[in-house]
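Observations on the model geometry
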Amino acid sequence: MAKARKVKEIRLLMLDKVGLLSEVTTAIAKAKVNINAICAYAMENHAFFMLTTSSHARAKKALTPLGFGIEEKDVIQVEVPNKPGELQKVAKRIANAGVDIEYMYATTGGGKATCVFKTADDQKAMKVIRK
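Everything numeric here is computed off the predicted structure, so don't read it as measured data.

**Observations regarding a nonpolar patch on the surface**
On the surface, Leu87, Ile101 and Met104 cluster together into a nonpolar patch covering about 220 Å² of accessible area. Mapping Ile101 onto the fold places it in strand β5 (residues 101–109).

**Brief notes about the nonpolar core**
One finds Ile76, Val78, Val80, Val90, Ile94, Phe117 and Ile129 to be the most contacted residues of the largest nonpolar core, which totals 16 residues. With four residues, helix α4 (residues 122–129) is the single largest residue contributor to this core. The next biggest cluster of nonpolar side chains, apart from the first, holds 14 residues, and it includes Met14, Ala47, Leu51 and Leu63.

**Considering the sheet that holds strand β4 (residues 69–81)**
Pairing within the open sheet is antiparallel, and its six strands lie in the order β2-β3-β1-β4-β6-β5. The sheet terminates laterally at β2 (35–43) and β5, the two strands that pair on one side only. The average angle at which neighbouring strand axes cross in this sheet is 25 degrees, direction not considered. In this structure, β4 lies alongside strand β6 (residues 112–119), joined through six bridges in antiparallel fashion. When the bridges of β6 are listed, Pro81 appears paired with Lys112. Taken strand by strand, helix α1 (residues 20–30) contacts β1 (3–15), β2 and β3 (46–53), and its axis lies near 30 degrees from that of β3.

**Quick word on the packing of helix α3 (residues 86–96) against α4**
Direction vectors running N to C along α3 and α4 enclose 125 degrees, while the axes themselves pass 9 Å from each other. Compared by their axis directions, α3 and α4 come out oblique. Considering how the two elements wind past one another, α3 and α4 form a crossing that is right-handed. Residues Val90, Arg93 and Ile94 of α3 touch α4, and the partners they reach there are Ala125, Val128 and Ile129.

**As for unusual backbone geometry**
Of note in this structure, Lys32 is not a glycine but carries a positive phi near 60 degrees. Within the secondary structure, Lys32 sits in the loop between α1 and β2. A positive phi is found at Asn45, a non-glycine position, where the angle reads about 65 degrees. Topologically, Asn45 is positioned in the loop between β2 and β3. Taking relative accessible area as the criterion, Asn45 reaches 62% and is therefore assigned exposed.

Reading guide: rules and limits
- Residues numbered from 1 in each chain as written.
- Predicted model: local features only at pLDDT ≥ 70, side-chain atom pairs only at ≥ 80, totals over all residues.
- Heavy atoms only, no water.
- Patch = residues over 30% accessible without salt bridge, like charges linked within 9 Å, V, L, I, M, F, W, Y side chains within 5 Å.
- Areas by Shrake-Rupley, 256 points an atom, 1.4 Å probe, with all protein chains shown as cover.
- Salt bridge = Lys/Arg side-chain N within 4 Å of Asp/Glu carboxyl O.
- Helix = DSSP H or I, 4+ residues; strand = E, 2+ residues; numbered from the N terminus.
- Core = buried A, V, L, I, M, F, W, Y, C linked by side-chain atoms within 4.5 Å.
- Buried < 20%, exposed > 50% of the residue type's maximum accessible area, 1.4 Å probe, protein only.
- Pairing = 2+ DSSP bridges.
- Axes fitted to C-alpha atoms, helices over the stretch in contact; angles between N-to-C directions.
- Contact = heavy atoms within 4.5 Å.
- Parallel < 35°, antiparallel > 145°, perpendicular 65-115°, else oblique.
- Left-handed = near helix turned anticlockwise from the far one by under 90°.

None of this, on its own, says anything about what the molecule does.
What follows is the structure, encoded as C-alpha coordinates:
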(Lines give C-alpha, C1' and ligand atoms only; values in the text may rest on other atoms or scores of the structure.)
Protein backbone atom coordinates (compact mmCIF):
# COMPACT_ATOMS: atom_id res chain seq x y z
CA MET A 1 0.00 0.00 0.00
CA ALA A 2 1.84 3.04 1.28
CA LYS A 3 5.47 3.54 2.26
CA ALA A 4 5.63 4.75 5.87
CA ARG A 5 8.66 5.62 7.94
CA LYS A 6 9.49 7.56 11.06
CA VAL A 7 11.32 10.84 10.38
CA LYS A 8 12.28 13.95 12.29
CA GLU A 9 10.17 17.03 11.77
CA ILE A 10 11.73 20.44 12.27
CA ARG A 11 9.43 22.95 13.94
CA LEU A 12 10.20 26.65 13.91
CA LEU A 13 8.53 29.37 15.96
CA MET A 14 9.31 33.05 15.52
CA LEU A 15 7.72 36.48 15.43
CA ASP A 16 5.91 36.95 12.15
CA LYS A 17 7.38 39.32 9.59
CA VAL A 18 7.39 39.74 5.85
CA GLY A 19 9.86 37.45 4.09
CA LEU A 20 10.10 34.60 6.60
CA LEU A 21 9.27 31.88 4.07
CA SER A 22 11.97 33.24 1.81
CA GLU A 23 14.47 33.38 4.67
CA VAL A 24 13.77 29.80 5.78
CA THR A 25 13.78 28.31 2.28
CA THR A 26 16.93 30.24 1.28
CA ALA A 27 18.85 28.78 4.23
CA ILE A 28 17.67 25.27 3.40
CA ALA A 29 18.39 25.66 -0.32
CA LYS A 30 21.92 26.95 0.36
CA ALA A 31 22.52 23.78 2.41
CA LYS A 32 21.44 21.78 -0.67
CA VAL A 33 18.59 20.14 1.26
CA ASN A 34 15.26 19.24 -0.31
CA ILE A 35 12.01 19.99 1.52
CA ASN A 36 9.82 16.88 1.41
CA ALA A 37 6.75 18.43 3.04
CA ILE A 38 6.04 21.79 4.67
CA CYS A 39 3.30 23.53 6.62
CA ALA A 40 3.71 27.23 7.40
CA TYR A 41 1.25 29.69 8.86
CA ALA A 42 1.00 32.84 10.98
CA MET A 43 -1.26 33.45 13.95
CA GLU A 44 -1.34 36.28 16.46
CA ASN A 45 1.97 37.84 15.33
CA HIS A 46 3.82 34.51 15.41
CA ALA A 47 4.92 32.34 12.50
CA PHE A 48 4.96 28.56 12.68
CA PHE A 49 6.78 26.16 10.34
CA MET A 50 6.72 22.37 10.34
CA LEU A 51 8.80 20.57 7.74
CA THR A 52 10.51 17.34 6.82
CA THR A 53 13.57 17.33 4.60
CA SER A 54 16.00 15.08 2.77
CA SER A 55 18.60 15.76 5.49
CA HIS A 56 17.29 16.66 8.91
CA ALA A 57 20.78 17.34 10.33
CA ARG A 58 21.89 19.66 7.50
CA ALA A 59 18.57 21.54 7.53
CA LYS A 60 18.76 22.08 11.29
CA LYS A 61 22.37 23.24 11.01
CA ALA A 62 21.41 25.69 8.24
CA LEU A 63 18.48 27.10 10.22
CA THR A 64 20.19 27.44 13.62
CA PRO A 65 22.12 30.66 12.78
CA LEU A 66 18.84 32.40 11.92
CA GLY A 67 18.01 32.48 15.64
CA PHE A 68 14.58 30.88 15.41
CA GLY A 69 13.24 28.61 18.13
CA ILE A 70 13.84 25.14 16.69
CA GLU A 71 12.18 21.98 17.98
CA GLU A 72 12.34 18.43 16.70
CA LYS A 73 9.56 15.90 16.77
CA ASP A 74 9.20 12.32 15.53
CA VAL A 75 6.49 12.03 12.89
CA ILE A 76 5.38 9.52 10.27
CA GLN A 77 6.18 10.33 6.65
CA VAL A 78 3.99 8.42 4.21
CA GLU A 79 4.40 8.23 0.44
CA VAL A 80 1.30 7.33 -1.57
CA PRO A 81 0.42 7.55 -5.24
CA ASN A 82 -0.90 11.01 -6.15
CA LYS A 83 -4.38 9.89 -7.16
CA PRO A 84 -7.92 10.15 -5.76
CA GLY A 85 -8.64 8.14 -2.63
CA GLU A 86 -5.08 7.36 -1.50
CA LEU A 87 -5.11 9.70 1.53
CA GLN A 88 -8.56 8.35 2.43
CA LYS A 89 -7.16 4.79 2.53
CA VAL A 90 -4.41 5.83 4.94
CA ALA A 91 -6.78 7.88 7.12
CA LYS A 92 -9.27 5.00 7.28
CA ARG A 93 -6.61 2.50 8.38
CA ILE A 94 -5.48 4.84 11.15
CA ALA A 95 -9.08 5.50 12.23
CA ASN A 96 -9.99 1.80 12.18
CA ALA A 97 -7.02 1.14 14.47
CA GLY A 98 -8.48 3.64 16.96
CA VAL A 99 -5.52 6.02 16.66
CA ASP A 100 -6.15 9.77 16.91
CA ILE A 101 -4.45 11.96 14.29
CA GLU A 102 -3.13 15.09 16.01
CA TYR A 103 -2.24 16.81 12.73
CA MET A 104 -1.17 16.13 9.16
CA TYR A 105 0.09 18.04 6.16
CA ALA A 106 1.31 17.04 2.74
CA THR A 107 3.08 17.95 -0.46
CA THR A 108 1.89 16.54 -3.77
CA GLY A 109 3.23 16.63 -7.26
CA GLY A 110 3.99 14.29 -10.07
CA GLY A 111 3.17 10.69 -9.35
CA LYS A 112 3.36 10.70 -5.55
CA ALA A 113 2.23 12.54 -2.46
CA THR A 114 4.30 12.90 0.71
CA CYS A 115 2.06 13.05 3.78
CA VAL A 116 3.23 13.79 7.32
CA PHE A 117 1.23 12.55 10.30
CA LYS A 118 1.59 13.07 14.03
CA THR A 119 -0.66 10.67 15.90
CA ALA A 120 -1.40 9.67 19.46
CA ASP A 121 0.36 6.34 18.74
CA ASP A 122 2.81 6.63 15.83
CA GLN A 123 4.06 3.05 16.25
CA LYS A 124 0.56 1.58 15.90
CA ALA A 125 -0.30 3.95 13.04
CA MET A 126 2.82 2.94 11.10
CA LYS A 127 1.97 -0.73 11.57
CA VAL A 128 -1.53 -0.36 10.10
CA ILE A 129 -0.39 1.95 7.29
CA ARG A 130 2.16 -0.62 6.13
CA LYS A 131 -0.43 -3.45 5.88
